Amino acid sequence: MPSPSLPSYIPLCSKSRKTRSTTTETSSVPSKVPKKQISEGLPPWTDSTTTYSRGVVGLHEEIEDFYRWVAPSSTSHKARLVVVERVRACIKEVWPAAQLEIFGSFSTGLYLPTSDLDLVVFGKWEALPLRTLERELLERKIPHPETMLVLDKASVPIIKMVDKITGIKVDISFNLVSGLKSAQLVNMFKKQFPSLPKLVSVLKQFLVSRDLACVYTGGLSSYCLTLMVVSFLQLHSRTDVDCSSANLGVLLLEFLQLYGRSFNYSSLAISVRKGGSYLDKQQLQLEPDITHRWAPAEGLAMEDPFQPGRDIARGSHRVETVKQAWAVAYRQLASGVRAGAGVRDGGVLSRIISWD
């Protein structure tokens, strides 16, 4: 529910501020989020000429600037395509009939400069050739050798590496059809909810800066985070959240309030199927493999959009930490909005977003 001390919703049709000038990206490989402009003491998505309105309107304007700063550029897009082609050439040389496909945030456009590049190899093998592909990639000097990691015991076996030329992190899986279907679903939701990419970009950077954006270490996957935002928008009390003029500041505050303070993680599961709903957590099926059944009672439960009853968030065992971080972020942002921060002082988003 929206906080009583904040406007419940403010649609914006126009802006009344001076927008920062954009500069041409000169780095050929933007593998990291740009550094803060220390000389000015301002977050890098603003400059000394930027003026934000007060309150949630100013927060909306700042989120727009943040998204323009962090959104994929043509240079970063080309750099990732180069990595894809180098890996594809390696695979084709070893297994000519195999196919390499892109999925995840790169295929949906919801990636940060620091995001992993998700690839999937389709082919026929008696056993997944993880070690063979590891050896072939190393022989061709594609990854930094010290970054190679083969997770052959994981529920979804993958190869993790960092590209030697670009510094881009790469995850390679095998015969994972669900990854391609998930990307198609997210692209559909992007068309339905214009605010989705902007909210996800802020929340992803928030989690990345706190080491809470990797399932391997118990954090939230990009996919689960995206579906949480989708669910929030689907079940929002207003019917016009799918409007392109929706106030992003209000939506961000309400998202943080919902999942940081109000949502009942112990009893409810999230589903985005059929327009979105909350389920009784016990409706989700137990993990068939008993060794993967353990999950914290307060953990996140997310129904697989393509396999009803299956929980796709069980690996995120640090959700309590995520919840606490979102609760703190809500208080910090709400305090800045109430205090009228945002006028020629770098805005309020930097209270929760780290860029170093």
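Bear in mind the structure is a predicted one, so any value in this text is a computation, not a measurement. (Residues numbered from 1 in each chain as written. Predicted model: local features only at pLDDT ≥ 70, side-chain atom pairs only at ≥ 80, totals over all residues. Heavy atoms only, no water.)

Considerations on the pattern of salt bridges
Applying the stated rule across the entire model yields twelve salt bridges. A salt bridge links Lys160 to Asp171, with the shortest nitrogen-to-oxygen separation between them at 3.1 Å. With a gap of eleven residues between them, Lys160 in strand β4 (residues 158-162) and Asp171 in strand β5 (residues 169-174) connect regions that are remote in the sequence. Look at Asp171 and you get buried, because its relative accessible area is 12%. For the salt bridge of Asp304 with Arg310, the shortest nitrogen-to-oxygen distance reads 2.6 Å. Among the residues examined, Arg310 registers a relative accessible area of 37% and is labelled partly exposed. Residues joined in a network through salt bridges with shared partners are Asp116, Lys160, Lys169 and Asp171. (Salt bridge = Lys/Arg side-chain N within 4 Å of Asp/Glu carboxyl O. Helix = DSSP H or I, 4+ residues; strand = E, 2+ residues; numbered from the N terminus. Buried < 20%, exposed > 50% of the residue type's maximum accessible area, 1.4 Å probe, protein only.)

Considerations on the confidence of the model for the protein
Residues of the protein with pLDDT of at least 70 account for 83%, and the chain-wide mean is 85. Counting contacts from residues 1-39, a segment whose pLDDT is below 50, to residues more than four positions away or on other chains yields 90 contacts. Within the model, the stretch residues 290-295 combines pLDDT values under 50 with ten contacts to residues more than four positions away or in other chains. (pLDDT = per-residue confidence, 0-100. Contact = heavy atoms within 4.5 Å.)

A closer look at the side chain of Ser221
Residue position: Ser221 is located in the loop between α6 (196-208) and α7 (222-234). Within the structure, Ser221 has its side chain in polar contact with the backbone nitrogen of Cys224 (distance 3.0 Å). Ignoring anything within four residues of it in the chain, the contact list for Ser221 reads Val215 and Ser316. (Polar contact = N/O pair within 3.5 Å; in protein donor to acceptor, adjacent residues only side chain to side chain.)

Some points on empty space enclosed by the protein
A full pass over the atoms with the stated rule returns three cavities of 30 Å³ or more. Around the largest cavity, the lining residues are Tyr67, Val70, Ala71, Pro72, Gly109, Leu110, Tyr111, Leu112, Pro197, Val200 and Ser201. For the lining of the largest cavity, the elements supplying multiple residues, two or more each, are α1 (55-70) and α6. Residue contributions to the lining of the largest cavity peak at three residues, all from α6. Counted by class, the lining of the largest cavity contains nine nonpolar, two polar and no charged residues. (1 Å grid on protein atoms, 1.4 Å probe; cavity = no way out; pocket = protein on both sides within 12 Å on 5 of 7 lines; lining within 4 Å. Points joined across faces, edges and corners; volume = space filled by probe spheres on them. Nonpolar A, V, L, I, M, F, W, Y, C, P; charged D, E, K, R; others polar.)

Focus on the sheet that holds strand β2 (residues 117-122)
Spatially, the five strands line up as an open sheet ordered β1-β2-β5-β4-β3, and their pairing is mixed. The strands lining the two open edges of the sheet, one partner per strand, are β1 (99-103) and β3 (149-151). For this sheet, the mean inter-axis angle between neighbouring strands, taken without regard to orientation, is 25 degrees. Here β4 pairs with β5 via five bridges, running antiparallel. Of the residues in β5, the one forming a bridge with Met161 is Val170. Helix α5 (residues 177-192) contacts β1 and β2 of the sheet and is inclined by roughly 40 degrees relative to β1. (Pairing = 2+ DSSP bridges. Axes fitted to C-alpha atoms, helices over the stretch in contact; angles between N-to-C directions.)

Digging into α5
End to end, α5 covers 24 Å across 16 residues, agreeing with the expected 22 Å (1.5 Å per residue, within 8%). Those residues of α5 not exposed but buried are Gly179, Ser182, Ala183, Leu185, Val186 and Phe189. Buried residues of α5, viewed axially, fall in a sector of 165 degrees; they line one side. Residues of α5 that are exposed and point more than 90 degrees away from the buried face comprise Gln184 and Lys191. Of the surrounding secondary structure, the elements contacted by the buried residues of α5 are β1, α3 (105-108), α6 and α7. (Expected span 1.5 Å × (residues − 1). Arc of directions from axis to C-beta.)

Observations regarding the side chain of Asp163
Relative to the helices and strands, Asp163 is located in the loop between β4 and β5. A polar atom in the side chain of Asp163 sits 2.4 Å from the side chain of Arg86. Discounting chain neighbours no more than four positions away, the residues touching Asp163 are Val83, Arg86, Ile142, Pro143, His144 and Ile168.

Comments concerning the pairing of strand β7 (residues 277-280)
Alignment of strand β6 (residues 268-271) against β7, held across four bridges, turns out to be antiparallel. Each residue of the ladder has a partner; that of Ala269, found in β7, is Leu279. Where β6 folds back on β7, the antiparallel hairpin that results is connected by five residues, among which Lys274 adopts a positive phi of roughly 55 degrees.

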